[in-house]
Amino acid sequence: MGVMSIVATTSDAPPMRYPKFAQPWIALFLAILAELGIALFVLSVVSVPLIAVWVGIPLLLVVVPAARWFANCHRTMLAGFLGERIPRPYKQPPMPGMLMRLRTILTDPQTWRDIVWLLANAVVGFTLSLLSAVLFLAGLFYLVYPLLVGVTPKGVFTEPFGGLFTVNFWTSFLMMPVALIAFLIWNAAGERLLKANAFLARSLLGPTESAKLAMRVRELSESRAETVDTQAAELRRIERDLHDGAQARLAALSMNLGMAEEMVARDPAQAAALLTEARESASTALSELRDLVRGIHPPVLADRGLEGAVKALALTCPFTVDVTFDVPGRPAAPVESAAYFAVAECLANAVKYSAATNAWIQITHEDEKLHMIVGDDGVGGATVRPGGGLYGIERRLAAFDGTLTVVSPSAGPTTVIMELPCESSSLKTTPSSGTA
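Residues numbered from 1 in each chain as written. Predicted model: local features only at pLDDT ≥ 70, side-chain atom pairs only at ≥ 80, totals over all residues. Heavy atoms only, no water.

Draft legend 1. Seen up close, the pattern of salt bridges. Counted by the stated rule, this structure contains 7 salt bridges. Ionic pairing is found between D108 and R68, a salt bridge with its closest N-O pair at 3.2 Å. Of this pair, D108 sits in the loop between α3 (98-107) and α4 (109-143) while R68 is found in helix α2 (residues 56-82), placing the two residues 40 residues apart along the sequence. A single burial state applies to D108 and to R68, both of which are buried. Between E419 and K369 there is a salt bridge; the shortest N-O distance is 3.5 Å. One end of the pair, E419, is in strand β9 (residues 414-421); the other, K369, is in strand β7 (residues 369-376), with 50 residues separating them in the sequence. By relative accessible area, which is 34% here, K369 ends up partly exposed. (Salt bridge = Lys/Arg side-chain N within 4 Å of Asp/Glu carboxyl O. Helix = DSSP H or I, 4+ residues; strand = E, 2+ residues; numbered from the N terminus. Buried < 20%, exposed > 50% of the residue type's maximum accessible area, 1.4 Å probe, protein only.)

Draft legend 2. View of the confidence of the model for the protein. In the predicted model, the protein carries a mean pLDDT of 78, and 76% of its residues have values of at least 70. Segment residues 1-12 is flagged for pLDDT under 50; beyond a separation of four residues in sequence, or across chains, it makes 33 contacts in the model. Here residues 430-435 is modelled with pLDDT under 50, and outside its nearest four sequence neighbours on either side it reaches 21 contacts, counting other chains as well. (pLDDT = per-residue confidence, 0-100. Contact = heavy atoms within 4.5 Å.)

Draft legend 3. Broad picture of the pairing of β9. Bridge analysis of β7 against β9 gives 8 bridges, and the strand direction is antiparallel. Its bridge partner lying in β9, D376 is registered against T414. Taking the residues that link successive antiparallel strands as the turn, the strand β8 (residues 403-407)-β9 hairpin has 6 residues, and the phi of G412 there is positive, at about 80 degrees. (Pairing = 2+ DSSP bridges.)

Draft legend 4. Structural view of the packing of aromatic side chains. If you walk through the whole model with that rule in mind, you get 8 aromatic pairs. Each ring, one from Y340 and one from F341, has its centre 5.3 Å from the other, and the planes form 75 degrees; the classification is edge-to-face. With respect to class, Y340 is no different from F341; both count as buried. Within the aromatic cluster, the residues linked to one another by ring pairs are F21, W25, F136, F183 and W186. (Phe/Tyr/Trp six-rings, centres within 6.5 Å; stacked < 30°, edge-to-face > 60°.)

Draft legend 5. Expanded view of a negative patch on the surface. Among the surface-exposed residues, D326, E366, D367, E368 and E423 lie close enough to one another that they form a single negatively charged patch. As for its placement among the helices and strands, D367 is situated in the loop between β6 (358-366) and β7. The exposure class assigned to D367 is exposed, which follows from its relative accessible area of 69%. (Patch = residues over 30% accessible without salt bridge, like charges linked within 9 Å, V, L, I, M, F, W, Y side chains within 5 Å. Areas by Shrake-Rupley, 256 points an atom, 1.4 Å probe, with all protein chains shown as cover. Lys, Arg positive; Asp, Glu negative; His and termini not counted. Charge placed at Lys NZ, Arg CZ, Asp CG, Glu CD.)

Draft legend 6. Expanded view of the pairing of strand β5 (residues 320-326). Here β5 shows a buried face lined by V321, V323 and F325 and an unburied face lined by T320, D322, T324 and D326. By the bridge criterion, 7 bridges tie β5 to β6 in an arrangement that is parallel. Opposite T324, over in β6, you have Q362 as the bridge partner. Handedness of the β5-helix α10 (residues 333-354)-β6 crossover: left-handed. (Right-handed = clockwise from strand over helix to strand, strands pointing away.)

Draft legend 7. Representation of the nonpolar core in the model. Judged by nonpolar contacts, the single largest core of 39 residues is most densely connected at L306, V321, I361, I363, L370 and M418. At the level of secondary structure, the elements contributing two or more residues to this core comprise α9 (299-315), β5, α10, β6, β7, α11 (389-398), β8 and β9. Ranked by residue count, the leading element in this core is α10, at 11 residues. Grouped together as the second largest cluster of nonpolar side chains are 24 residues, A27, L40, F70 and Y90 included. (Core = buried A, V, L, I, M, F, W, Y, C linked by side-chain atoms within 4.5 Å.)

Laid out in structure tokens, this is it:
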């Protein structure tokens, strides 16, 4: 059985909605595409029985990817009317090979749902899209109708209108109310017709409940595995830091104290020098232990909560960081820790790579979620890539079902939007805001 997967977009941000006057041309384009989809529907239906004579195998291996590409184009375009992305719940072959790929295609329910959608889109989708476009185009036509009558030869637009009157340049202005009525109907119903088409597409192109459950199980399995790997890597880092840092210095401290003990009677000056060196080693070891503890769970986070810890972070930055904090209480300790380290990593990236002069942090609590926005006025170009800091934040948040969205055009600014589930029942204190 193939593994269920979603073709992820580069960002989880909702798709951009289309401007009002761009919608008629998109509707007209969708209507044309709907009729082109008939060819894919016919080829898909014909290729299945032809498998018996082997002709259908290569035909199916070509037609199905083409139909999926066609469906994905509609998923992308229609998402702008829904305000949310339509997932692509296709199964992936568990192993390479033409026969395995063919078996996965034939056993994937989404393959057959795509074929049904091709027919539904050619009939219902075509009608809805064309009607939305025609309403606008009719209004536009009758708006410029007097101009058309004036610039075209007699007889082109000057035929008797319904037997009521003969159209000429002056009587053509009587058609202007028709343009107004068409525009009003389009303004009221044009976008709704396209939304209805989008809902039809989502019902057939989106995942079923069983597919959603399978994808959710897969996401949780991946998140759990990554969390275990992350914790193991963190333990190895702590062990390495202890072995190479504090442990080595404490061993040297013990040796220095032993040598000083032996030399205190016969060479007090040398013993004093060894004690001084031992004191410096102890101070360095203590500092390293503090840094190590701060990397595990900062004391300022435990003492002052997320607000105080974030403001302390902001004060250590070489540029001005505005902090706005509006959370009615303290989140649960694991959520608070994840939020702190996510904000800390974002600020560290801004300091290292952005060349920013100002940054801002906004933390709020709405809809049972902790919303965090970290932005800077730097050069931009930040991306989430495996092994990078933002990828680490994304994996840390994913362990709590959190999300990360990066908006960073090449010319800047950079804005990192993070969300963490956080029930209000766990909050205990009062909100505040400030500037660091």
